[in-house]
Amino acid sequence: MTADRSSLVDLRSDTVTQPTPAMREAMMAAPLGDDVFGTDPSVNALQEKIAALLGFEAALFVPTGTQSNLCAILSHCGRGDEYIVGQQAHCYRWEGGGAAVFGSVQPQPLDHAPDGTLPLAQIEASIKPDDAHFARTKLLALENTLGGKLLPFEYVQAATDLAKSKGLQRHLDGARLFNAATAQAALNKRSDIRAEARRIAQCFDSVSVCFSKGLGAPIGSALVGSREFIARAHRIRKMAGGGMRQAGLLAAAASHALDHHVDRLADDHALAQRLAQGLEGIEGLTVEAPHTNIVFVDLTGAAQARSSELLASLNSQGILATGLYRLRFVTHLDVDAAGVDRAVAAIRAFFKS
Ligand SMILES: *Cc1c(COP(=O)(O)O)cnc(C)c1O
């Protein structure tokens, strides 16, 4: 692997971004207190900013998206309650079963339709009657974007309306909410990404947002909801060990990201398109057209057996990607068109050999 970071094309995830010089300056200049006492001005300012931006009463700054989802599920549900969630959802599949482990909250996973949605009929059918045999169904958890896919807004409205009509709470894992908002704005020929994010968020009782993904902050997520909900989540964050002290250093980076990195997400989406288009027509590859900044590539036929060989070959040329199930390439702040073109050329060369 190339030692020099600047020559790396790191397409493993949008979490790998380094804070920009301007973000580092904002961090160094941040006024700090002790957030466990509630007196860190930079944390408080960030929480007010994200709550207002998404149209909620209150917010809680947390170290990770995983902790944010855990605080949310454990604030909505108690022991013996249940949440309806997708098989591929991060807060079911990729968080070590935390809600069940720490909260005795049972997940009710549902299969996704090909577009990532959970069919309304399945949601409705999985809500348990109030009967001693069953866990109490309390919550519907959706994710947007899901694997880089934008959920259709009409679907988000219909699913959350259905949940509400059945007395369920509604949580959104919006780790990449601003990517979803960017794609939704483009689809509807609207330009206000923040308004689009708010439109999605307002369908829910709580929303978790990551600053450490496409927004380019080093660490941090926020959970938003009602004042009373956030007070409960605050207690759970403490139990989970998420009470941080001079956390304003990190909150300042997140705040800078909200101010400066939302409107540039469209650039990442354009680079994902460029990558997907560059890979079209290669024998042995199927490319899924990206909605946002994540490009999934499936190897087909004889090429299927070559995925680790391909990843190793790219790696030796300073191009990093992952392939747990399918190959995944993610664009972000630290990737440019030249890097994408290098990746495309290297993949094309590999399949010629
Ligand atoms: C990354 C991610 C999270 C949580 O991320 P952390 O690595 O715990 O910060 C949650 N949900 C989704 C959809 C994610 O992509």
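**Remarks on the domain arrangement of the protein**
In step 1: Along its sequence, the protein is carved into domain 1 (5–16 + 264–352) and domain 2 (31–260).
In step 2: Taking only C-alpha atoms into account, the centre of domain 1 sits 28 Å from that of domain 2.
In step 3: In this assembly, 17 residues from domain 1 lie in contact with 18 residues from domain 2.
In step 4: Roughly 1,400 Å² is buried in total at the junction of domain 1 and domain 2, and carbon and sulfur atoms are behind 55% of that figure.
In step 5: If you sort the residues of domain 1 by the area they bury against domain 2, Asp14, Leu265 and His291 come out on top, with a joint share of 37%.
In step 6: Linking domain 1 with domain 2 are 2 salt bridges.
In step 7: In this structure, the salt-bridge partner of Arg176 is Asp14, at a minimum N-O distance of 2.8 Å.

**What about the packing of helix H8 (residues 177–187) against helix H9 (residues 193–201)?**
In step 1: Following both chains from N to C, one finds H8 and H9 inclined at 110°, their axes separated by 8 Å at the closest point. As judged from the angle between their axes, H8 and H9 are roughly perpendicular. Of the two elements, H8 crosses H9, and the hand of that crossing is right-handed. Contact residues: H8 offers Leu177, Phe178, Ala180, Ala181, Thr182, Gln184 and Ala185, while H9 offers Ile193, Glu196, Ala197 and Ile200.
In step 2: A class-by-class count of the residues in the contact of H8 with H9 yields 8 nonpolar, 2 polar and 1 charged.

**Regarding the packing of helix H13 (residues 307–316) against helix H14 (residues 337–352)**
In step 1: Taken N-terminus to C-terminus, the directions of H13 and H14 make an angle of 130°; their axes are 10 Å apart at the nearest point. Between H13 and H14, the crossing angle belongs to the class labelled oblique. Helix-helix and strand crossings are classified by hand; for H13 and H14 the assignment is right-handed. Across from Glu309, Leu310, Ser313 and Leu314 in H13, the residues of H14 making contact are Ala346, Ile347, Phe350 and Phe351.
In step 2: Looking at the contact of H13 with H14 residue by residue, the classes come out as 6 nonpolar, 1 polar and 1 charged.

**What about H8?**
In step 1: Of all the 11 residues making up H8, 9 are buried; the element is thus mostly covered by neighbouring parts of the structure.
In step 2: Here H8 has its buried residues at Leu177, Phe178, Asn179, Ala180, Ala181, Thr182, Ala183, Gln184 and Ala185.

**Quick word on the pairing of strand S5 (residues 136–143)**
In step 1: Burial of S5 is extensive: 6 of the 8 residues sit out of reach of the surface.
In step 2: Two elements, S5 and strand S6 (residues 169–174), share 5 bridges in a ladder whose sense is parallel. Residue pairing for S6: Leu139 is matched across the bridge by Gln169.
In step 3: With respect to chirality, the unit in which S5 leads through helix H7 (residues 153–165) into the neighbouring parallel S6 is right-handed.

**What about the site of the ligand?**
In step 1: Every residue lining the ligand is accounted for by Thr64, Gly65, Thr66, Asn69, His90, Glu95, Glu143, Asp173, Ala175, Arg176 and Lys213.
In step 2: Within the contact set of the ligand, an oxygen atom lies 3.1 Å away from a side-chain nitrogen or oxygen of Arg176.
In step 3: Residue Lys213 places a side-chain N or O atom 2.6 Å away from an oxygen atom belonging to the ligand.
In step 4: Protein coverage of the free-state accessible area of the ligand, which is 380 Å², stands at 81%.
In step 5: Per-element accounting of the shell around the ligand gives the leading share, 3 residues, to helix H3 (residues 65–76).
In step 6: Split by residue class, the shell around the ligand holds 1 nonpolar, 5 polar and 5 charged.

**Brief notes about the state of the cysteines**
In step 1: Within this structure, the stated rule accounts for 0 disulfides.
In step 2: In this structure Cys71 is a free cysteine whose sulfur lies 13 Å from that of Cys210, the closest cysteine sulfur available.
In step 3: According to the relative accessible area criterion, Cys71 is buried, its value standing at 0%.
In step 4: Left unpaired, Cys210 is separated from the closest cysteine sulfur, that of Cys91, by 12 Å.

**Topic: the environment of Leu140**
In step 1: Here Leu140 is to be found in strand S5.
In step 2: For the pair Leu140 and His171, spaced 31 residues apart in sequence, the C-alpha to C-alpha distance is 6.3 Å.
In step 3: Discounting chain neighbours no more than four positions away, the residues touching Leu140 are Ile84, Leu118, Ile123, Ala159, Ala163, Leu168, Gln169, Arg170 and His171.

**What about helix H12 (residues 265–278)?**
In step 1: Its 14 residues place the ends of H12 20 Å apart at the C-alpha level, agreeing with the 20 Å of an ideal helix rising 1.5 Å per residue.
In step 2: Turning to H12, its buried residues are Leu265, Asp268, His269, Leu271, Ala272, Leu275, Ala276 and Gly278.
In step 3: On its buried face, H12 sits against H8, strand S9 (285–287), strand S10 (294–299), strand S12 (327–330) and H14.

**Some remarks on the pairing of S6**
Looking along a regular strand, one sees the side chains alternate between the two faces of the sheet.
In step 1: Extensive coverage of S6 is indicated by the burial of 5 of its 6 residues.
In step 2: Inspection of the sheet shows S6 paired to strand S7 (residues 206–210) by 4 bridges, in the parallel sense. In the strand pairing of S7, Leu172 is matched with Val207.

About the thresholds
Residues numbered from 1 in each chain as written. Predicted model: local features only at pLDDT ≥ 70, side-chain atom pairs only at ≥ 80, totals over all residues. Heavy atoms only, no water. Domains from an automatic or database assignment. Contact = heavy atoms within 4.5 Å. Buried area = accessible area lost by both parts, 1.4 Å probe. Salt bridge = Lys/Arg side-chain N within 4 Å of Asp/Glu carboxyl O. Axes fitted to C-alpha atoms, helices over the stretch in contact; angles between N-to-C directions. Helix = DSSP H or I, 4+ residues; strand = E, 2+ residues; numbered from the N terminus. Parallel < 35°, antiparallel > 145°, perpendicular 65-115°, else oblique. Left-handed = near helix turned anticlockwise from the far one by under 90°. Nonpolar A, V, L, I, M, F, W, Y, C, P; charged D, E, K, R; others polar. Buried < 20%, exposed > 50% of the residue type's maximum accessible area, 1.4 Å probe, protein only. Pairing = 2+ DSSP bridges. Right-handed = clockwise from strand over helix to strand, strands pointing away. Near = heavy atom within 4 Å. Polar contact = N/O pair within 3.5 Å; in protein donor to acceptor, adjacent residues only side chain to side chain. Areas by Shrake-Rupley, 256 points an atom, 1.4 Å probe, with all protein chains shown as cover. Disulfide = S-S within 2.5 Å. Expected span 1.5 Å × (residues − 1).

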